[in-house]
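# Examination of the molecular architecture
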Amino acid sequence: VTGWVYVNLRSSFLKLMDTDFESVVSSALSVTPDSGEEIDKLVANVANTPGDTQVLFIPTDNTDGGKTPVGSETMLGFYKAYAAADFYKKGVESASYEEKYRAPDIIDIGGIPSVIIFAPVINDQGNLLGTAVFALDYSAVQDHLSLMMLLFGSATLLFATVLAILLFSRDVTTAFS
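Presented here is an overview of the structure given in this document. Because the structure is a prediction, the values reported are computed rather than measured.

### Description of the nonpolar core
- Membership of the largest hydrophobic core comes to 26 residues, with the highest contact counts inside it found for F21, V25, L29, F134, Y138, V141 and L145.
- When residues of this core are traced back to their parent elements, those giving at least two are α1 (2-28), α2 (36-47), β1 (54-59), β5 (112-122), β6 (128-137) and α5 (139-168).
- Per-element tally for this core: the top contributor is α1, with seven residues.
- Leave out the neighbours within four places in its chain, and L29 touches L42, A119, P120, V121, A132 and F134.
- Judged by nonpolar contacts, the second largest core, of 15 residues, contains L56, F78, I107 and V133.

Pasting the structure below:
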(Lines give C-alpha, C1' and ligand atoms only; values in the text may rest on other atoms or scores of the structure.)
Protein backbone atom coordinates (compact mmCIF):
# COMPACT_ATOMS: atom_id res chain seq x y z
CA VAL A 1 0.00 0.00 0.00
CA THR A 2 2.74 2.48 0.89
CA GLY A 3 4.49 1.73 -2.42
CA TRP A 4 1.36 2.66 -4.36
CA VAL A 5 0.92 5.86 -2.35
CA TYR A 6 4.60 6.74 -2.84
CA VAL A 7 4.47 6.20 -6.63
CA ASN A 8 1.33 8.32 -6.98
CA LEU A 9 2.62 11.15 -4.78
CA ARG A 10 5.97 11.11 -6.57
CA SER A 11 4.37 11.33 -10.02
CA SER A 12 2.01 14.09 -8.88
CA PHE A 13 4.92 16.04 -7.40
CA LEU A 14 6.97 15.67 -10.59
CA LYS A 15 4.04 16.87 -12.71
CA LEU A 16 3.65 19.85 -10.39
CA MET A 17 7.34 20.67 -10.72
CA ASP A 18 7.15 20.38 -14.53
CA THR A 19 4.29 22.87 -14.49
CA ASP A 20 6.34 25.16 -12.23
CA PHE A 21 9.35 24.97 -14.55
CA GLU A 22 7.12 25.76 -17.54
CA SER A 23 5.65 28.78 -15.74
CA VAL A 24 9.15 30.10 -14.92
CA VAL A 25 10.07 29.87 -18.61
CA SER A 26 6.79 31.46 -19.73
CA SER A 27 7.06 34.33 -17.27
CA ALA A 28 10.68 34.99 -18.23
CA LEU A 29 9.66 35.20 -21.88
CA SER A 30 6.49 37.21 -21.25
CA VAL A 31 8.32 40.42 -22.20
CA THR A 32 9.61 39.84 -25.69
CA PRO A 33 12.93 41.43 -26.59
CA ASP A 34 13.45 43.19 -29.92
CA SER A 35 17.04 44.33 -29.73
CA GLY A 36 20.36 43.00 -28.51
CA GLU A 37 20.22 45.25 -25.44
CA GLU A 38 16.83 43.86 -24.47
CA ILE A 39 18.15 40.31 -24.89
CA ASP A 40 21.05 41.15 -22.56
CA LYS A 41 18.49 42.47 -20.06
CA LEU A 42 16.46 39.27 -20.39
CA VAL A 43 19.53 37.16 -19.65
CA ALA A 44 20.43 39.40 -16.68
CA ASN A 45 16.87 39.37 -15.31
CA VAL A 46 16.69 35.59 -15.42
CA ALA A 47 20.05 35.40 -13.66
CA ASN A 48 18.60 37.57 -10.85
CA THR A 49 15.57 35.33 -10.24
CA PRO A 50 15.41 33.26 -7.04
CA GLY A 51 17.17 29.93 -7.33
CA ASP A 52 19.88 29.01 -9.74
CA THR A 53 18.03 29.63 -12.99
CA GLN A 54 20.24 30.50 -15.94
CA VAL A 55 19.49 31.24 -19.57
CA LEU A 56 21.34 31.15 -22.85
CA PHE A 57 19.99 33.00 -25.86
CA ILE A 58 20.86 31.59 -29.28
CA PRO A 59 19.92 33.89 -32.17
CA THR A 60 18.28 32.24 -35.18
CA ASP A 61 21.01 33.45 -37.52
CA ASN A 62 23.78 31.80 -35.46
CA THR A 63 24.08 28.91 -37.92
CA ASP A 64 25.34 31.10 -40.77
CA GLY A 65 28.06 32.79 -38.73
CA GLY A 66 26.00 35.80 -37.63
CA LYS A 67 25.46 36.57 -33.98
CA THR A 68 26.91 34.57 -31.12
CA PRO A 69 25.00 33.14 -28.15
CA VAL A 70 24.42 35.39 -25.14
CA GLY A 71 24.62 34.05 -21.60
CA SER A 72 26.74 33.52 -18.53
CA GLU A 73 30.10 31.79 -18.77
CA THR A 74 28.52 28.67 -17.32
CA MET A 75 25.82 28.59 -19.99
CA LEU A 76 28.32 29.36 -22.75
CA GLY A 77 30.31 26.37 -21.47
CA PHE A 78 27.12 24.30 -21.66
CA TYR A 79 26.65 25.50 -25.25
CA LYS A 80 30.16 24.43 -26.22
CA ALA A 81 29.87 21.08 -24.46
CA TYR A 82 26.43 20.03 -25.68
CA ALA A 83 25.87 21.80 -29.03
CA ALA A 84 26.42 18.52 -30.88
CA ALA A 85 24.22 16.42 -28.54
CA ASP A 86 20.98 14.95 -29.87
CA PHE A 87 18.79 16.54 -27.19
CA TYR A 88 20.33 19.93 -27.95
CA LYS A 89 19.66 19.65 -31.69
CA LYS A 90 16.10 18.49 -31.00
CA GLY A 91 15.55 21.39 -28.59
CA VAL A 92 16.74 24.02 -31.07
CA GLU A 93 14.66 22.40 -33.81
CA SER A 94 11.56 22.40 -31.58
CA ALA A 95 12.11 26.07 -30.77
CA SER A 96 12.39 26.84 -34.49
CA TYR A 97 8.87 25.39 -34.80
CA GLU A 98 7.83 27.63 -31.89
CA GLU A 99 7.47 24.74 -29.45
CA LYS A 100 9.06 24.23 -26.04
CA TYR A 101 11.20 21.17 -25.45
CA ARG A 102 12.49 19.68 -22.22
CA ALA A 103 15.68 17.65 -22.34
CA PRO A 104 15.02 14.10 -21.15
CA ASP A 105 17.91 13.99 -18.67
CA ILE A 106 19.01 16.11 -15.71
CA ILE A 107 22.31 17.76 -16.63
CA ASP A 108 24.95 19.06 -14.25
CA ILE A 109 25.66 22.71 -15.07
CA GLY A 110 28.23 24.44 -12.93
CA GLY A 111 27.86 21.81 -10.21
CA ILE A 112 24.06 22.18 -10.08
CA PRO A 113 21.73 19.45 -11.37
CA SER A 114 19.50 21.24 -13.85
CA VAL A 115 16.44 20.71 -16.01
CA ILE A 116 17.07 22.04 -19.52
CA ILE A 117 14.17 23.65 -21.37
CA PHE A 118 14.41 25.06 -24.88
CA ALA A 119 11.88 27.79 -25.67
CA PRO A 120 11.32 30.00 -28.71
CA VAL A 121 11.88 33.75 -28.30
CA ILE A 122 9.26 35.52 -30.40
CA ASN A 123 8.94 39.30 -30.73
CA ASP A 124 5.71 41.31 -30.82
CA GLN A 125 5.50 41.01 -34.61
CA GLY A 126 5.53 37.21 -34.37
CA ASN A 127 9.06 36.76 -35.69
CA LEU A 128 11.29 34.10 -34.20
CA LEU A 129 14.36 35.83 -32.77
CA GLY A 130 16.06 32.73 -31.46
CA THR A 131 16.06 30.03 -28.83
CA ALA A 132 16.27 30.54 -25.10
CA VAL A 133 17.87 27.62 -23.29
CA PHE A 134 16.89 27.60 -19.63
CA ALA A 135 18.79 25.70 -16.96
CA LEU A 136 16.51 25.38 -13.93
CA ASP A 137 17.86 24.16 -10.60
CA TYR A 138 16.67 20.60 -9.91
CA SER A 139 18.50 19.99 -6.62
CA ALA A 140 15.50 20.95 -4.44
CA VAL A 141 13.35 18.47 -6.36
CA GLN A 142 15.94 15.73 -5.83
CA ASP A 143 16.13 16.58 -2.12
CA HIS A 144 12.34 16.42 -1.80
CA LEU A 145 12.17 13.08 -3.62
CA SER A 146 14.90 11.68 -1.35
CA LEU A 147 13.02 12.85 1.73
CA MET A 148 9.80 11.33 0.40
CA MET A 149 11.56 8.02 -0.23
CA LEU A 150 13.02 8.05 3.28
CA LEU A 151 9.64 8.76 4.89
CA PHE A 152 7.80 6.12 2.89
CA GLY A 153 10.59 3.61 3.48
CA SER A 154 10.33 4.30 7.21
CA ALA A 155 6.53 3.95 7.11
CA THR A 156 6.85 0.63 5.27
CA LEU A 157 9.40 -0.65 7.77
CA LEU A 158 7.22 0.43 10.70
CA PHE A 159 4.16 -1.24 9.15
CA ALA A 160 6.11 -4.46 8.50
CA THR A 161 7.47 -4.46 12.07
CA VAL A 162 4.03 -4.00 13.65
CA LEU A 163 2.56 -6.66 11.36
CA ALA A 164 5.36 -9.11 12.24
CA ILE A 165 4.84 -8.50 15.95
CA LEU A 166 1.09 -9.06 15.61
CA LEU A 167 1.49 -12.22 13.53
CA PHE A 168 4.33 -13.93 15.36
CA SER A 169 3.83 -13.03 19.01
CA ARG A 170 1.81 -15.15 21.39
CA ASP A 171 -0.25 -13.76 24.12
CA VAL A 172 -0.25 -16.55 26.70
CA THR A 173 -3.43 -15.47 28.37
CA THR A 174 -5.52 -15.68 25.17
CA ALA A 175 -3.74 -18.36 23.16
CA PHE A 176 -3.99 -21.21 25.69
CA SER A 177 -7.27 -20.63 27.47
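The structure having been displayed, the exposition proceeds.
### Details of the packing of aromatic side chains
- Tallied over the full model, the rule gives ten aromatic pairs.
- Relative to F87, the ring of Y82 has its centre 5.6 Å away and its plane inclined at 55°; by these criteria the two rings are tilted.
- For Y82, a relative accessible area of 28% puts it in the partly exposed group.
- The exposure class of F87 is buried, given its relative accessible area of 15%.
- Aromatic side chains Y88 and F118 sit 5.4 Å apart centroid to centroid with 80° between the ring planes, which places their arrangement in the edge-to-face category. Here Y88, found in helix α4 (residues 86-96), pairs with F118, found in strand β5; they are 30 residues apart in sequence, far enough to count as distant.
- Exposure remark for F118: the relative accessible area of 0% places this residue in the buried category.
- These aromatic residues form a ring-pair network of at least three members: F78, Y79, Y82, F87, Y88, Y101 and F118.

Rules used throughout
Numbering of residues begins from 1 in every chain and follows the order in which that chain's sequence is written. With the structure being a predicted model, the display of local features is reserved for residues of pLDDT at least 70 and the display and counting of side-chain atom pairs for 80 or more, all residues being used for whole-chain, interface and lining totals. Excluding hydrogens and water, the side-chain figures rest on all heavy atoms present in the structure. For this analysis, a nonpolar core means a set of buried residues of the types Ala, Val, Leu, Ile, Met, Phe, Trp, Tyr and Cys, connected via side-chain atoms within 4.5 Å. Classification of residues uses two cut-offs on accessible area relative to the type maximum, computed with a 1.4 Å probe and protein chains only: under 20% is buried, over 50% is exposed, and between them is partly exposed. Numbered from the N terminus, helices here are DSSP runs of H or I no shorter than four residues, and strands are runs of E no shorter than two. Contacts were defined at the residue level, with two residues in contact if any of their heavy atoms lie within 4.5 Å. When the centres of two rings from Phe, Tyr and Trp lie within 6.5 Å, Trp using its six-membered ring, the rings pair. Their planes under 30 degrees apart give stacked, over 60 give edge-to-face, and anything left gives tilted.

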